[in-house]
Amino acid sequence: MSDIRRSERDKQPTTKVLLNQQGAAEEVEVRAEGEKRRAKKAKRSQRKQDRAAGIALEPIPEEERQDSVFHVPAQTISESRSPSPVVIGNKRARSPGPFDDAFVKAPRITDGRPRASDYNEIEQEMIALANRLYRKAWRDTFEIKSLNPIPLTPSIFRIIRSRNSQLRGEAKTKIALLVPPIYGFRSGRSRKIIVANRNLAEALKYQKAFVYKALGDETTPNRGLYQNPIIQEAVNILWFRNKRDEGIEFSGMFDPVPIEAIAFVLTAVEAAIDEWLTGIKIDIPFKADDYRETYRAHCRSLHEYSIYTHKNNLLDKMCQKLYDNGRDHAGVPPRNIECLPAIPHSAFKAALEEDEEGDGDEEEAVGDN
């Protein structure tokens, strides 16, 4: 009987064999996980190249951004510390980190093509709204030109989206040239100039003082809110350069100049001032992610200004004045000339009577002869 038990025991795998098998299985899993990470890294790199080329269309899935997007749990590291890892064979199991379960879960994409249904209800609503706005703008363009609309294809959609970054770069370049002469920044490496530029930039940034026509001091307040000439100058060079520019061609969208356009101009001006905060002009990229909150703050201030001064319609007057001055800058004739009345019907009647009177005179002259 003892020989039989010994034989059965010899057939069973030993603890060492079990541990080695388990370690081999874990090694396969680790390799598979490494391959998966490398594939995601290559995909992220390709998306970055596509965005740089202006052809990125679909949002990057959250699961590919887990290395940078996570939520820190409301507990200390010491409280969430896990027990020491267990040694299995020659392999040491990975110790679970305090943030392992803290990553934001990404939408599940089954076939590699993101769909709106892959996102939650709020994200689906935002995607649908953005889609409607782009399509409405596309339809409005054909209505303005009195043409039959064509479908908004993905390739056209990518070109339209790429224009956003081009507009930011164009605005930054042009407005940055206006900032030094209007506000008084000077180029130079002397300590006196550097200190003066730095103090000026800080003063202009404080409570958005750069929007005023005249800066005050310790005894006098700033004057001329939203009347700094750089606002009109920027509007002119961005949308009213000539008779074919956007402000004239799409007058229905710029008459009067919308609040969003003014907020965009003010954001670009503030970005140009930021380049002088060290006292020496340093180029700072005008990125949407960096200045999105700045733009929203300017929009809020303009809306609050409109509400507070609604009795005198100060904001409406300012928006209309920006458009009228822009038309003048573009070389468009004044409206009172464009709206002159046509030749009245009474003039046609008078011409007919003159002709008939002329025929009668000719007949009398023939009779006299």
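The rules behind the values
- The written sequence of each chain sets the order in which its residues are numbered from 1.
- Residues qualify for local features only when their pLDDT is at least 70, as the model is predicted, and side-chain atom pairs are given and counted only at 80 or more; totals for whole chains, interfaces and linings, by contrast, use all residues.
- To get the side-chain values, take all heavy atoms of the structure and skip hydrogens and water.
- Only DSSP runs of H or I covering at least 4 residues are called helices, and only runs of E covering at least 2 are called strands; the numbering of each starts at the N terminus.
- When a residue's accessible area, from a 1.4 Å probe over protein chains only, is under 20% of the maximum for its type it is buried; when over 50% it is exposed; and in between it is partly exposed.
- The contact rule is simple, with two residues in contact once any of their heavy atoms fall within 4.5 Å.
- To measure how exposed things are, a 1.4 Å probe is used in the Shrake-Rupley method; for residues, cover is taken only from the protein chains shown.
- All axes are obtained by fitting lines to C-alpha atoms, using only the stretch in contact for helices, and the reported angles, taken between N-to-C directions, cover 0 to 180 degrees.
- Should an angle lie under 35 degrees it is considered roughly parallel, over 145 roughly antiparallel, and from 65 to 115 roughly perpendicular; all remaining angles are considered oblique.
- Handedness of a crossing follows from how the near helix is turned relative to the far one, being left-handed for an anticlockwise turn of less than a right angle and right-handed for a clockwise one.
- Under this grouping Gly is polar, as are all residues other than the nonpolar Ala, Val, Leu, Ile, Met, Phe, Trp, Tyr, Cys and Pro and the charged Asp, Glu, Lys and Arg.
- Predictor confidence is given residue by residue as pLDDT, running from a minimum of 0 to a maximum of 100.

Novice: How do you make sense of the overall build of the protein chain when you look at a structure like this?
Specialist: Looking only at helices and strands, one finds 13 helices and two strands in the protein chain. Counting all 369 residues of the protein chain, 25% fall into the buried class. Within the protein chain, contacts between residues at least 6 apart in sequence are counted, and of these 60% link residues at least 24 apart. Accessible surface computed for the protein chain: about 26300 Å², of which carbon and sulfur atoms make up 54%.

Novice: Could you clarify how one ought to interpret the side chain of T267 in this entry?
Specialist: Within the secondary structure, T267 sits in helix α9 (residues 259-274). Beyond its immediate sequence surroundings of up to four residues, T267 is in contact with F286, Y291, T294, Y295 and H298.

Novice: Help me understand the packing of α9 against helix α10 (residues 288-308) in this model?
Specialist: When two helices pack together, their arrangement is given by the angle between their axes and by how far apart the axes lie. Where α9 contacts α10, the axes come no closer than 9 Å and their chain directions differ by 130°. Considered as vectors, α9 and α10 are oriented oblique to each other. The interaxial crossing formed by α9 with α10 has right-handed handedness. Taking contact as the criterion, the partners of I259, E260, I262, A263, F264, L266, T267, E270, A271 and D274 in α9 are, on α10, Y291, T294, Y295, H298, C299, L302 and H303. Among the residues forming the contact of α9 with α10, the class breakdown is 10 nonpolar, four polar and three charged.

Novice: Would you mind going over the packing of helix α6 (residues 229-239) against α9 with me for this structure?
Specialist: Interaxial distance between α6 and α9 falls to 10 Å at its minimum, and their mutual angle equals 105°. With respect to each other, α6 and α9 are oriented roughly perpendicular. Contacts between α6 and α9 involve I230, I231, A234, V235, L238 and W239 from the former and A261, F264, V265, L266 and V269 from the latter. Looking at the contact of α6 with α9 residue by residue, the class counts come to 11 nonpolar, no polar and no charged.

Novice: For this particular structure, what's the right way to read the confidence of the model for the protein chain?
Specialist: Interpretation of the predicted coordinates at a detailed level should be avoided for regions scoring low in pLDDT. Per-residue pLDDT for the protein chain has a mean of 75; in total, 59% of the residues score no lower than 70. The least confident element of the protein chain is strand β1 (residues 87-88), whose mean pLDDT is 47; the most confident is α6, at 96. Here residues 62-89 is modelled with pLDDT under 50, and outside its nearest four sequence neighbours on either side it reaches 40 contacts, counting other chains as well. Low confidence marks residues 94-106, where pLDDT is under 50. Its contacts with residues over four positions away, or in another chain, come to 21 contacts.

Novice: Mind showing me how you'd approach the environment of P285 here?
Specialist: As for its placement among the helices and strands, P285 is situated in the loop between α9 and α10. Setting aside its immediate chain neighbours within four residues, P285 contacts D290 and Y291.

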